[in-house]
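The primary structure of each chain is shown beneath.
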Amino acid sequence: IVDTVWKETCVVYLDLEKVLAPDPQGGVRLQLSSKEEQIKLDLMLKDFSTLLQLIGRMSVLFLGEFFIDRIQSGMEYIKQLLALAAFSSKNKLHSCRCENSVIKEDFIEVHAQILGALKAWCHWLAALHSEALSDSTYTWVSSDITSRIVSAVVVVIKEGENERIVHAASHFLVTLTGTVRPPSIWKLKEFTDLYSNINHLRLKPEAHRLLVRSLCNVLLLHWPGIQEQKWEDRRKHLTKFLRDVTDSYRNIRVDQNFSQNKDLQIQAKPVIIHTLLILGDLVENVLNEVTQTKKLCHDALREYIDMALKLFPMYIQTADVCEEMFNFFHK
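Residues numbered from 1 in each chain as written. Predicted model: local features only at pLDDT ≥ 70, side-chain atom pairs only at ≥ 80, totals over all residues. Heavy atoms only, no water.

S.K.: Just checking my understanding: could you explain the overall build of the chain for this structure?
M.R.: From N to C terminus, the chain includes 14 helices and 2 strands. Summarising its shape, the C-alpha atoms of the chain cover approximately 65 × 50 × 30 Å along the three principal directions. The 331 residues of the chain split such that 49% are buried. Expressed as a percentage of contacts within the chain between residues at least 6 apart in sequence, the contacts between residues at least 24 apart total 73%. Of the charged side chains in the chain, 39 are positive and 41 negative, and the gap between their average positions amounts to 4 Å. (Helix = DSSP H or I, 4+ residues; strand = E, 2+ residues; numbered from the N terminus. Buried < 20%, exposed > 50% of the residue type's maximum accessible area, 1.4 Å probe, protein only. Contact = heavy atoms within 4.5 Å. Lys, Arg positive; Asp, Glu negative; His and termini not counted. Charge placed at Lys NZ, Arg CZ, Asp CG, Glu CD.)

Structure (structure tokens):
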């Protein structure tokens, strides 16, 4: 029953392209002829959001002992989710013009739930990549699906038009780079551009933190099925990337008056807390990883640890900063 409803609802959603038209002010406009159609679409989209949550939870039924027997069915689900993500990103449904503002919110929620479902299916995708290491039948398809999903997800992060969707997309990338760890991601310009563009993107602090984590995952974590891990190249890239994203934090030590200037110390609080959260995420990520990963992480963070130790006496009476420093050192 679920499978039938899923397929039918996906068709209805993708068919919305027929009622989308270019808007004179840019983007697209939703053209519905009556209020009854608007009400029907509103209800359909709300039901679709719930269904997407269910599809995400169903991914566990295609793992473990059931993986091989159900691999083709799993492939159909992930390809359908890919089609939905690509459609939503291409048409920017989250920013479409429509008479009913509720429908616009529905589009945002559906897009976020599509990304959430893809996040849940990352574990299945990791299993597919693992299977491809022993069965070349799946080598191309696993790489192709992953690359196309990443392209559809990265575009909404770069556009940064909706906070909810950007947050969901960033969460997806953290899970993808932490579980699947696809080698093919290095061939995607859309993804690798994020390393140089991250400081120019419109990101809330939490989304920025998640994106940094996902980009560092690719540089820190062991790549499955690859003999040449390129640790030295990774070290160079990680060192440069961290310096770029922590520029404001590192600039604190440039100001000779900082240790005596309370106003400067107060202004620096958000930067210090955010940077310590980012660096703490990296430490958490490598706790159960191979020795080379842990060593790379330690080497990359050494200068930030030293700086935090120097800042500590200045913030010993500042509860929120002091707490984050303790959390960071404890990790």
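S.K.: Help me understand the packing of helix α7 (residues 163-180) against helix α9 (residues 205-220) in this model?
M.R.: In a pair of packed helices, the angle between the axes and the distance between the axes together describe the arrangement. Contact pair α7 / α9: the axes reach a minimum separation of 8 Å and the direction vectors enclose 20°. Taken together, the axis directions place α7 and α9 in an arrangement best described as roughly parallel. The interaxial crossing formed by α7 with α9 has left-handed handedness. In contact with Val166, His167, Ser170, His171, Leu173, Val174, Thr177 and Gly178 of α7, α9 contributes Glu206, Ala207, Leu210, Leu211, Arg213, Ser214, Asn217 and Val218. Grouping the amino acids of the contact of α7 with α9 by side-chain chemistry returns 7 nonpolar, 7 polar and 2 charged. (Axes fitted to C-alpha atoms, helices over the stretch in contact; angles between N-to-C directions. Parallel < 35°, antiparallel > 145°, perpendicular 65-115°, else oblique. Left-handed = near helix turned anticlockwise from the far one by under 90°. Nonpolar A, V, L, I, M, F, W, Y, C, P; charged D, E, K, R; others polar.)

S.K.: For this particular structure, what's the right way to read α9?
M.R.: Residues three or four positions apart in an α-helix share a direction because the helix packs 3.6 residues into each turn. Its 16 residues place the ends of α9 22 Å apart at the C-alpha level, agreeing with the 22 Å of an ideal helix rising 1.5 Å per residue. Counting buried positions along α9 yields 14 of 16 residues, so the element is predominantly enclosed. (Expected span 1.5 Å × (residues − 1).)

S.K.: Just checking my understanding: could you explain the pattern of salt bridges for this structure?
M.R.: Oppositely charged side chains can pair when the atoms bearing their charge come close. Throughout the structure, instances matching the rule amount to 25 salt bridges. The partner of lysine 46 in a salt bridge is aspartate 42, with the nearest N and O atoms 2.5 Å apart. Note that lysine 46 and aspartate 42 are positioned in helix α2 (residues 35-57) at a spacing of 4 residues, about one turn of the helix. Note on lysine 46: relative accessible area 40%, which makes it partly exposed. (Salt bridge = Lys/Arg side-chain N within 4 Å of Asp/Glu carboxyl O.)

S.K.: Looking at this structure, how should I read the state of the cysteines?
M.R.: Such a bond, covalent and formed between the sulfur atoms of two cysteines, is termed a disulfide. Tallied over the full model, the rule gives 0 disulfides. As a non-bridged cysteine, cysteine 96 has cysteine 98 as the owner of its nearest cysteine sulfur, 4.3 Å distant. (Disulfide = S-S within 2.5 Å.)

S.K.: When you look at empty space enclosed by the protein in this model, what are you seeing that I'm missing?
M.R.: All chains considered together, the criterion is met by 1 cavity of 30 Å³ or more. What lines the largest cavity is Thr177, Arg181, Pro182, Pro183, Ile185, Trp186, Asn217, Val218, Leu221 and Trp223. Here the lining of the largest cavity is built from residues that sort into 7 nonpolar, 2 polar and 1 charged. (1 Å grid on protein atoms, 1.4 Å probe; cavity = no way out; pocket = protein on both sides within 12 Å on 5 of 7 lines; lining within 4 Å. Points joined across faces, edges and corners; volume = space filled by probe spheres on them.)

S.K.: In this structure, what is going on with the layout of surface pockets? I would like to understand it.
M.R.: Take a probe with the size of a water molecule and roll it over the atoms, and the empty space left behind shows itself. Considering only enclosed or pocket space, the largest pocket measures out at about 260 Å³ in volume. Residue lining of the largest pocket: 15 residues in total, with His129, Leu133, Ser142, Pro183 and Pro224 positioned closest to the centre. Contributions of two or more residues to the lining of the largest pocket are made by α5 (122-134) and α6 (139-159). Looking at the lining of the largest pocket element by element, the count peaks at 5 residues for α5. A per-class count over the lining of the largest pocket returns 7 nonpolar, 6 polar and 2 charged.

S.K.: Explain unusual backbone geometry here, please?
M.R.: Peptide bonds are, in most cases, trans, and in most cases residues other than glycine have a negative phi. Within the chain, lysine 92 stands out as a residue other than glycine whose phi angle is a positive 50°. By the element assignment, lysine 92 lies in the loop between α3 (71-91) and α4 (101-120). Classification of lysine 92 by relative accessible area gives partly exposed; the value is 28%. Positive phi, normally seen in glycine, also occurs at lysine 230, with a value near 55°. Relative to the helices and strands, lysine 230 is located in the loop between α9 and α10 (231-245).

S.K.: Is there a simple way to explain the environment of aspartate 244 in this structure?
M.R.: With respect to the element layout, aspartate 244 can be found in helix α10. For the pair aspartate 244 and methionine 58, spaced 186 residues apart in sequence, the C-alpha separation works out to 40 Å. Among the polar contacts made by the side chain of aspartate 244, one reaches the side chain of lysine 240 at a distance of 2.9 Å. (Polar contact = N/O pair within 3.5 Å; in protein donor to acceptor, adjacent residues only side chain to side chain.)

S.K.: How do you make sense of the packing of aromatic side chains when you look at a structure like this?
M.R.: Each aromatic ring pair is specified by the distance between its two centres and by the angle formed by the two planes. Tallying each qualifying case throughout the model produces 16 aromatic pairs. When the ring of tryptophan 6 is compared with that of phenylalanine 48, the centres are 6.2 Å apart and the planes differ by 35°; the resulting orientation is tilted. Placement of the pair is tryptophan 6 in helix α1 (residues 2-14) and phenylalanine 48 in helix α2, with a sequence separation of 42 residues. The exposure class assigned to tryptophan 6 is buried, which follows from its relative accessible area of 3%. Here the aromatic rings of tryptophan 186 and tyrosine 195 are separated by 6.0 Å at their centres, their planes lie at 5°, and the arrangement is stacked. Among the residues examined, tyrosine 195 registers a relative accessible area of 13% and is labelled buried. An aromatic cluster is defined as three or more aromatic residues linked by ring pairs; in this entry it consists of Trp6, Tyr13, Phe48, Phe62, Phe67, Tyr77, Phe87, Trp121 and Trp124. Over the aromatic face of tryptophan 223 sits the side chain of arginine 234, whose NZ or CZ is 3.8 Å from the ring centroid. The ring of tryptophan 231 is capped by arginine 234, whose NZ or CZ atom sits 4.2 Å from the centre of that ring. (Phe/Tyr/Trp six-rings, centres within 6.5 Å; stacked < 30°, edge-to-face > 60°. Lys NZ or Arg CZ within 6 Å of the ring centre and 35° of its normal.)

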